[in-house]
Amino acid sequence: MDKREFLKTSGALLASTFLSRLSTAQTTAGGRTNWAGNYTYSAKNLDLANTTEDVRQNIQSHSHLKALGARHSFNNIADSAGEQISLKHFDQIELDTKAKTVTVGAGVTYGQLAPYIDSRSFAVHNLASLPHVSVVGACATATHGSGSRNGNLSTAVRAMEVATANGEVAIFSREKLGDKFLGTVVGLGALGVITKITLDVQPTFQVAQTVYENLSFSQLEHHLDDIFASGYSVSLFTDWQNHRATQVWIKRRVDPSSHTDTVADFYGAKPATQNLHPLAGHSAENCTEQMGVPGPWYERIPHFRMNFTPSSGAELQSEYFVPRDKGYASILAVEQLRDQITPHLFISEFRTIAADDLWISPCYQRPSMALHFTWKPEWPAVKALLPLIEEKLSPFGARPHWAKLFTMAPTRLRSQYARMGNYQALLAHYDPNGKFRNEFIDTNIYGA
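Residues numbered from 1 in each chain as written. Predicted model: local features only at pLDDT ≥ 70, side-chain atom pairs only at ≥ 80, totals over all residues. Heavy atoms only, no water.

Participant: Please explain the pattern of salt bridges as it appears in this structure.
Facilitator: Two side chains of opposite charge can pair, provided their charged atoms sit close to one another. Inspection of every chain in the model, using the stated rule, returns ten salt bridges. Across the salt bridge formed by Glu-349 and Arg-351, the nearest N and O atoms sit 3.5 Å from each other. Both residues of the pair, Glu-349 and Arg-351, belong to the buried class. In this structure, Glu-391 and Arg-412 form a salt bridge, with 3.4 Å as the shortest nitrogen-oxygen distance. With Glu-391 in helix 11 (residues 379–393) and Arg-412 in helix 12 (residues 410–415), the pair connects residues that are 21 residues apart, well separated along the chain. Residue Arg-412 is classed as partly exposed on the basis of its relative accessible area of 29%. A single network of salt bridges, built from pairs that share partners, joins Glu-319, Glu-349, Arg-351 and Lys-404. (Salt bridge = Lys/Arg side-chain N within 4 Å of Asp/Glu carboxyl O. Buried < 20%, exposed > 50% of the residue type's maximum accessible area, 1.4 Å probe, protein only. Helix = DSSP H or I, 4+ residues; strand = E, 2+ residues; numbered from the N terminus.)

Encoded structure:
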């Protein structure tokens, strides 16, 4: 397989083409697309804002508007029947060392934020597996990273500057909104256009990453919590065949002067003898450093290097969150579909995430396990599989990732969120005429 073919088949696992590539999307045949190319936006125009005043004027002059971030969503969550607006030029980063916060513009990605704050001896608590998602977009959709003691990325949000439907700029914070703030953080872009977001930061730290191969699923029956608590962040990869995880990626916080010892047997899995890619047989050159070598947090917590941008990101993604104590049963349920899933799959990944109190976060008030599917770009086959997977996961109260592909009935989806009615009330308060509503919101938040 030559390099070009390799990038085509596994590009989305490696990183993304969405870094400042809005112009590419605009010229794609048939209209602007998301980074993976599976969704074409129906919005008539994309307006590029340079200032908060530009954002206010756009809001006031359009009846329907949605903010478009890094284009990493796989569904129509960022689309609009009217206009879209991009804030990619909002690239300011302001670190407050005394308050231990950082405030970033809506165009800033984690790939830009992380080295900036690390060079000043600070870190955020977690990162997604791909580092180039935007901070605002990731938090608005409860994108999560991994770690049994780590909340999703949204849990670091301290405050947001938001241009609301009337064109005014408001500050959303716990101090100003009290309990209602918990309903605004994972807002799905439906409360207004976020221009700035403030995150909690902590002292910088080092991480060492070790990979093990071939962990039997049977070990998860009695040791699931121990396995996922074995590192600061832990991921299990599988192709659903042979009742095993093909790889276990363990990321441990370490003292920079130490070397992480690699045990010879990790619940029956054996340590890898070289850096690996999650897909067997693929070069690991674009993956973050492994083999227990310590390095900065932002160069280990993601699976893929920040400076690697493939030429293609052709893939589809789905993900479902279940209670962690139902994780093993959920895996067994989905495993029954293994021979239907595998032909259309690049790889699956299991991760754990701490509970939070954000009203429509998939981890709301329950420690969770996420079952992630990275699919080949074969939508008809995947579309037929998703209802089968969702039915298998239904007894466990599965909640889909808001920005990925799912077919769950809106009534079932809403039933998983005890504060959904409160969230709907927030939408009615901040956007009474539905300026920021779109097909995604109308279907999943209000549809039958």
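Still to come is the rest of the account.
Participant: Help me out: how do you make sense of empty space enclosed by the protein in this one?
Facilitator: Taking a probe equal in size to a water molecule and rolling it over the atoms shows the remaining empty space. All chains considered together, the criterion is met by three cavities of 30 Å³ or more. Taken as a whole, the largest cavity encloses approximately 70 Å³ of empty space. Taken together, 13 residues line the largest cavity, and the ones lying closest to its centre are Thr-184, Gly-187, Leu-191, Gly-192 and Ile-194. For the lining of the largest cavity, the class distribution of residues is nine nonpolar, four polar and no charged. (1 Å grid on protein atoms, 1.4 Å probe; cavity = no way out; pocket = protein on both sides within 12 Å on 5 of 7 lines; lining within 4 Å. Points joined across faces, edges and corners; volume = space filled by probe spheres on them. Nonpolar A, V, L, I, M, F, W, Y, C, P; charged D, E, K, R; others polar.)

Participant: What's the story with the packing of aromatic side chains in this structure? I'm lost.
Facilitator: Aromatic rings in a pair are described by how distant their centres are and how their planes are angled relative to each other. In the structure shown here, the tally under the stated rule is 18 aromatic pairs. Between Phe-237 and Trp-249 the ring centres are 5.5 Å apart and the planes differ by 65°, which places this aromatic pair in the edge-to-face class. Of the two residues, Phe-237 is situated in strand 12 (residues 233–238) and Trp-249 in strand 13 (residues 244–254); the sequence distance between them amounts to twelve residues. Linked through ring pairs, Phe-217, Trp-240, Tyr-320, Phe-350, Phe-373 and Trp-375 together constitute an aromatic cluster. A cation over a ring is seen here: Arg-399 above Tyr-417, with NZ or CZ 5.0 Å from the ring centre. (Phe/Tyr/Trp six-rings, centres within 6.5 Å; stacked < 30°, edge-to-face > 60°. Lys NZ or Arg CZ within 6 Å of the ring centre and 35° of its normal.)

Participant: When you look at helix 9 (residues 327–335) in this model, what are you seeing that I'm missing?
Facilitator: Each turn of an α-helix holds 3.6 residues, which means side chains three or four residues apart point in the same direction. Counting buried positions along helix 9 gives seven out of nine residues, so the element sits mostly inside the fold. Buried within helix 9 we find Gly-327, Tyr-328, Ser-330, Ile-331, Ala-333, Val-334 and Glu-335.

Participant: Sorry, what's going on with the nonpolar core here?
Facilitator: Burial of nonpolar side chains together is a common tendency in soluble globular proteins. Within the largest apolar cluster, 114 residues are counted, with the highest numbers of intra-cluster contacts made by Leu-113, Leu-199, Trp-297 and Trp-402. Setting aside residues no more than four positions away along its own chain, Trp-297 makes contact with Ala-114, Ile-117, Asp-118, Phe-122, Ala-123, Val-124, Leu-127, Thr-204, Phe-205, Gln-206, Val-207 and Pro-302. (Core = buried A, V, L, I, M, F, W, Y, C linked by side-chain atoms within 4.5 Å. Contact = heavy atoms within 4.5 Å.)

Participant: When you look at the layout of surface pockets in this model, what are you seeing that I'm missing?
Facilitator: The computed volume of the second largest pocket comes to approximately 340 Å³. Around the second largest pocket, the lining comprises 17 residues; the ones closest to its centre are Asn-75, Asn-76, Phe-406, Phe-440 and Asn-444. Breaking the lining of the second largest pocket down by element, the ones donating at least two residues are helix 11 and helix 14 (439–444). Of the residues assigned to the lining of the second largest pocket, the class counts are eight nonpolar, six polar and three charged.

Participant: Please explain the sheet that holds strand 9 (residues 193–200) as it appears in this structure.
Facilitator: Strand pairing in a sheet relies on backbone hydrogen bonds. The paired strands run either parallel or antiparallel. Taken together, five strands build an open sheet; the order of strands is 4-5-9-7-8 and the sheet is antiparallel. This sheet does not close on itself; its edge strands, each paired only once, are strand 4 (93–96) and strand 8 (169–173). Each strand axis lies, on average, 15° off the axis of its neighbour in the sheet, ignoring direction. Taken together, the four bridges between strand 4 and strand 5 (residues 101–105) define a ladder with antiparallel strand orientation. Each residue of the ladder has a partner; that of Asp-96, found in strand 5, is Thr-101. (Pairing = 2+ DSSP bridges. Axes fitted to C-alpha atoms, helices over the stretch in contact; angles between N-to-C directions.)

Participant: Before we go on, may I ask you to explain the environment of Arg-120 in this structure?
Facilitator: Position of Arg-120 among the secondary structure elements: in the loop between helix 4 (110–118) and strand 6 (122–123). Counting along the chain gives 88 residues from Arg-120 to Ala-208, while the straight-line C-alpha distance between them is 21 Å.

Participant: Honestly, the packing of helix 8 (residues 218–228) against helix 9 in this entry has me stumped. Any pointers?
Facilitator: A pair of packed helices is captured by two measures, namely the crossing angle of their axes and the spacing between those axes. Where helix 8 meets helix 9, the axes come as close as 9 Å, and the angle between the chain directions of the two elements is 155°. Here helix 9 runs roughly antiparallel to helix 8, going by the angle between their axes. Seen from above, helix 8 lies across helix 9 with right-handed handedness. Residue-level contacts link Ser-218, Leu-220, Glu-221 and Leu-224 of helix 8 to Gly-327, Tyr-328 and Ile-331 of helix 9. For the contact of helix 8 with helix 9, the class distribution of residues is four nonpolar, two polar and one charged. (Parallel < 35°, antiparallel > 145°, perpendicular 65-115°, else oblique. Left-handed = near helix turned anticlockwise from the far one by under 90°.)

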